[in-house]
Amino acid sequence: MEFLTTSEAAEYLRLGERKLYELVTSAAIPCSKVTGKWLFPRHELDLWVLSGLARPAGMIAADPPPIIGGSQDDLLEWTLRESGSGLASLTEGTARGVERLQRGEVIAAAIHFHSHATDTDGDANVAAVRAMPGLHDAVLVGLVRREQGLLLAHGNPKHLNSLSDVLGSGAKMAVRQPGAGAQMLLEVLLARAGAGKDLRRIEPPCLTGSDLAAAIRAGKADCGIATRAAAKSAGLDFVPLLWENYDLLMRQRSYFQPSVQALIGFFGQKRLKQRAAELTGYDPAPSGQIRFAA
């Protein structure tokens, strides 16, 4: 990230330094004080300017409701409660959350994409956002990296240690709805294995990772893909598959909304790191970072 000095920021914004200091004093502009000097992240200055963009009458976009759509996650749900942001959640899966964001029905969407075109070490979320039509003003804020894997009944009675074991044994697998990030991951893994038709899927699809864990615990399915945290919460065994990026996608004008800033501000607190460690399967290193901006 590029930082500007006070004089550079004033010139960049075409403001007098006195006016810039007034904005700093009133906490109205993104900045940071390091060794007695004010520094201004250039990228966030761009977002700050765009957040106040004026539009002709009849073209003013209505503020979206204070709802985080997209993927369900135990740590995110806890963070929404504890941050005091006032934001609610509507968990319908990654793709559905993005659709609602594009229609202005949510202020942000929690996403974790998986793509045939992006390997497990790549950044599928950034690649997906770059390709999204109508999101020329997108901002992708990191929340955590999460561990995804196979959830299994306690004690792993069927001795399932890989997707190959699942396919070879004819085990019943709980699946997620189309567009859910975990379902994208399953389809990618099946395509790489040259399989798919051999999988014994139970119906109907589970709408959240918690629902999937409940189906396994109730004996309706032998396994399914979800997070390590979901496995621990349900008392299930877990076979790790990969780590993924779990991010919040929003429009630039939403980034500076007080509710969103309250949430992002909470990301950097020690309490979040402690809760992530308690739930297990989380790496909070990316929390609060702007990982992409259009």
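Owing to the predicted nature of the structure, the values given are computational and were not obtained by experimental measurement.

Calculation criteria
Residues numbered from 1 in each chain as written. Predicted model: local features only at pLDDT ≥ 70, side-chain atom pairs only at ≥ 80, totals over all residues. Heavy atoms only, no water. Phe/Tyr/Trp six-rings, centres within 6.5 Å; stacked < 30°, edge-to-face > 60°. Helix = DSSP H or I, 4+ residues; strand = E, 2+ residues; numbered from the N terminus. Buried < 20%, exposed > 50% of the residue type's maximum accessible area, 1.4 Å probe, protein only. Lys NZ or Arg CZ within 6 Å of the ring centre and 35° of its normal. Contact = heavy atoms within 4.5 Å. Arc of directions from axis to C-beta. 1 Å grid on protein atoms, 1.4 Å probe; cavity = no way out; pocket = protein on both sides within 12 Å on 5 of 7 lines; lining within 4 Å. Points joined across faces, edges and corners; volume = space filled by probe spheres on them. Nonpolar A, V, L, I, M, F, W, Y, C, P; charged D, E, K, R; others polar. Axes fitted to C-alpha atoms, helices over the stretch in contact; angles between N-to-C directions. Left-handed = near helix turned anticlockwise from the far one by under 90°. Salt bridge = Lys/Arg side-chain N within 4 Å of Asp/Glu carboxyl O. Pairing = 2+ DSSP bridges.

Trainee: How should the packing of aromatic side chains be read in this particular structure?
Mentor: For the structure shown, the criterion picks out two aromatic pairs. When the ring of Trp78 is compared with that of Phe266, the centres are 5.7 Å apart and the planes differ by 55°; the resulting orientation is tilted. Placement of the pair is Trp78 in helix α4 (residues 74-82) and Phe266 in helix α12 (residues 258-267), with a sequence separation of 188 residues. The two residues Trp78 and Phe266 agree in class, both being buried. Measuring from ring centre to ring centre gives 5.0 Å for Tyr255 and Phe256, while their planes differ by 85°; the resulting arrangement is edge-to-face. Sitting above the plane of the Tyr246 ring, Arg146 keeps its charged end 4.1 Å from the centroid.

Trainee: Hey, could you run me through the environment of Leu13 in this one?
Mentor: Mapped onto the fold, Leu13 is located in helix α1 (residues 6-13). Residues Leu13 and Ser32 lie 19 residues apart in sequence; the distance between their C-alpha atoms is 17 Å. Leaving out residues up to four positions away in the same chain, Leu13 has contacts with Leu20, Ile29, Leu45, Trp48 and Val49.

Trainee: How do you make sense of helix α5 (residues 94-102) when you look at a structure like this?
Mentor: Given 3.6 residues to a turn, an α-helix orients residues that are three or four positions apart in the same direction. Along α5, the residues classified as buried are Thr94, Gly97, Val98, Arg100 and Leu101. On an axial view of α5, the arc spanned by its buried residues comes to 160°, and they lie on one face. Trailing α5 by a residue or two, Gly104 shows a phi angle of about 75°, which is positive.

Trainee: Looking at this structure, I do not really get the layout of surface pockets. What am I missing?
Mentor: Using a probe with the size of a water molecule, rolled over the atoms, empty space left in the structure can be pinpointed. Of the voids in this model, the second largest pocket is the one considered here, and its volume is about 260 Å³. Along the wall of the second largest pocket there are 14 residues; nearest its centre are Ile29, Pro30, Cys31, Pro41 and Glu44. Here the residues of the lining of the second largest pocket sort into 11 nonpolar, two polar and one charged.

Trainee: Looking at this model, I keep getting lost on unusual backbone geometry. Mind explaining?
Mentor: Note: most peptide bonds trans; most residues except glycine with negative phi. A cis amide bond, omega -5°, links Glu203 with the succeeding residue Pro204. Within the secondary structure layout, Pro204 lies in strand β9 (residues 200-206). In this model, Arg14 sits at a positive phi of 60°, which is unusual for a non-glycine residue. Its place among the elements puts Arg14 in the loop between α1 and α2 (17-25). When its relative accessible area of 77% is taken as the criterion, Arg14 is described as exposed. Positive phi values are uncommon outside glycine, yet His159 reaches one of about 55°. Here His159 is to be found in the loop between β7 (138-152) and α7 (163-169). We classify His159 as exposed; its relative accessible area is 59%.

Trainee: Looking at this structure, I do not really get empty space enclosed by the protein. What am I missing?
Mentor: Scanning the model with the defined rule gives three cavities of 30 Å³ or more in all. A volume near 140 Å³ is recorded for the largest cavity. Lining the largest cavity are 18 residues, with Gln72, Arg146, Arg176, Gly209 and Thr227 sitting closest to its centre. Looking at the lining of the largest cavity element by element, the count peaks at three residues for strand β10 (residues 223-227).

Trainee: I'm lost on the packing of α4 against α12 in this one. Help?
Mentor: Any two packed helices are characterised by the angle at which their axes cross and by the distance between the axes. Viewed as axis vectors pointing N to C, α4 and α12 meet at an angle of 115°, and their least axial separation amounts to 10 Å. Of the two possible hands of crossing, α4 and α12 adopt the one that is right-handed. Across the interface between the two elements, Trp78, Thr79, Leu80 and Glu82 of α4 pack against Leu263, Phe266 and Phe267 of α12. Class assignment for the residues of the contact of α4 with α12 results in five nonpolar, one polar and one charged.

Trainee: Explanation requested: the pattern of salt bridges in the structure shown.
Mentor: Side chains carrying opposite charge are able to pair once their charged atoms draw close together. Within this structure, the stated rule accounts for 16 salt bridges. Residues Arg271 and Glu82 are paired through a salt bridge, measuring 2.3 Å at the closest nitrogen-oxygen approach. One end of the pair, Arg271, is in helix α13 (residues 270-279); the other, Glu82, is in helix α4, with 189 residues separating them in the sequence. Taking relative accessible area as the criterion, Arg271 reaches 36% and is therefore assigned partly exposed. The partly exposed category is assigned to Glu82, whose relative accessible area is 34%. One salt-bridge network, in which partners are shared between bridges, spans Glu92, Arg96, Arg100, Arg103 and Glu105.

Trainee: Is there a simple way to explain the pairing of strand β8 (residues 172-176) in this structure?
Mentor: Burial analysis of β8 places four of its five residues in the buried class, which makes it a mostly covered element. Judged from the four bridges that link them, β8 and β9 form a sheet pairing that is parallel. Opposite Ala174, over in β9, you have Ile202 as the bridge partner.

The quantities given are spatial measurements derived from coordinates; they are silent on function.
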